[in-house]
Amino acid sequence: MKAVFSLTQTIRFLLVSLLALATASCGFHLRGNYMLPDDIAKLSLTSFDEYGQLKRQVESQFEMHGIEAVPPSETVPNLHLISESVGQRTLSLYQNSRAAEYELTYTVNYSIVVPDKGSQAYTTRVNRTFLDNPLTALAKSVERDMIEDEMRQQAARQIMRQLARLTAVFNKLEEAELEAMLNDGAGSTTQIIEPGTATP
């Protein structure tokens, strides 16, 4: 029984080791909760608001996932926060037709540039519901600020998830470009002239 248990443990250890080696050979490392490509081990971060809360949230995610924030450079990948906005729509009304419940939508537009691979633009959205109680105006304002902070945190996490998919995105783009080049080549004809023959 002990021998069987030991064999099971050995097989499990070998499988884990093989997976770890395969992951390392693919250029990915586990940083925090995400498998991030080596291309972004060092990343510059620029923003429409250099001192805004969103940038601070993203910087916090960098620290959490072991990404080294470096100054912008042509040789370093860049994450650029383009804009943020908060919209709302009414979900329900009080009897006096005053809005009782809103849906808040927090939207972030950003782009990622990786040297020699290209750039991609993205949009991430976070939705939350918000009760509007006219009897507690001050508490309502504080609650909304807290909700918006939580939405920024979630948006920053979504940006990290997109960074984890970055290598796959650029690999697909390279495959599409290669396929387009091959298709263009297939459409052209090449004339082979044998020695001693005259061209028409």
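Our structure is the block above this text.
The structure reproduced in this document is the subject of the present report. (Residues numbered from 1 in each chain as written. Predicted model: local features only at pLDDT ≥ 70, side-chain atom pairs only at ≥ 80, totals over all residues. Heavy atoms only, no water.)

**Focus on the sheet that holds strand S3 (residues 42–47)**
With respect to topology, five strands assemble into an open sheet ordered S4-S3-S5-S6-S7, the strand pairing being mixed. The strands lining the two open edges of the sheet, one partner per strand, are strand S4 (68–69) and strand S7 (118–131). Across four bridges, S3 lies against strand S5 (residues 78–93) in parallel orientation. Following the sheet pairing, Thr46 is matched in S5 by His80. (Pairing = 2+ DSSP bridges. Helix = DSSP H or I, 4+ residues; strand = E, 2+ residues; numbered from the N terminus.)

**Overview of unusual backbone geometry**
The phi angle at Asp116 is positive, at roughly 70 degrees, despite the residue not being glycine. Here Asp116 is to be found in the loop between strand S6 (99–114) and S7.

**A few points about the pairing of S3**
With respect to burial, S3 is a largely interior element, five of its six residues being buried. Pairing geometry for S3 and S4, over two bridges, is parallel. When the sheet's bridge partners are listed, Lys42 is paired in S4 with Glu68. Viewed along the sheet, the connection from S3 through helix H2 (residues 53–64) into S4 turns out right-handed. (Buried < 20%, exposed > 50% of the residue type's maximum accessible area, 1.4 Å probe, protein only. Right-handed = clockwise from strand over helix to strand, strands pointing away.)

**Some remarks on the nonpolar core**
By size, the foremost hydrophobic cluster in this structure holds 31 residues, and its most contacted members are Val58, Phe62, Ile67, Leu79, Tyr110, Ile112 and Leu163. Going through the elements one at a time, S3, H2, S5, S6, S7, helix H3 (137–164) and helix H4 (166–187) are the ones with two or more residues in this core. Leaving out residues up to four positions away in the same chain, Leu79 has contacts with Leu43, Ser44, Leu45, Thr46, Val58, Phe62, Tyr110, Ser111, Ile112 and Ile159. (Core = buried A, V, L, I, M, F, W, Y, C linked by side-chain atoms within 4.5 Å. Contact = heavy atoms within 4.5 Å.)

**Quick look at the pairing of S6**
For S6, the tally of buried residues reaches 13 of 16 residues, placing the bulk of the element in the interior. In this sheet, S6 lies alongside S5 in antiparallel orientation, the contact comprising 14 bridges. Bridging from a neighbouring strand, Ser85 pairs with Thr107 of S6. Once S5 ends, the chain turns through five residues before running back antiparallel as S6, passing Ser97 with a positive phi of about 70 degrees. Bridge analysis of S6 against S7 gives 14 bridges, and the strand direction is antiparallel. Among the inter-strand pairings, Val113 is bridged to a residue of S7, identified as Ser119.

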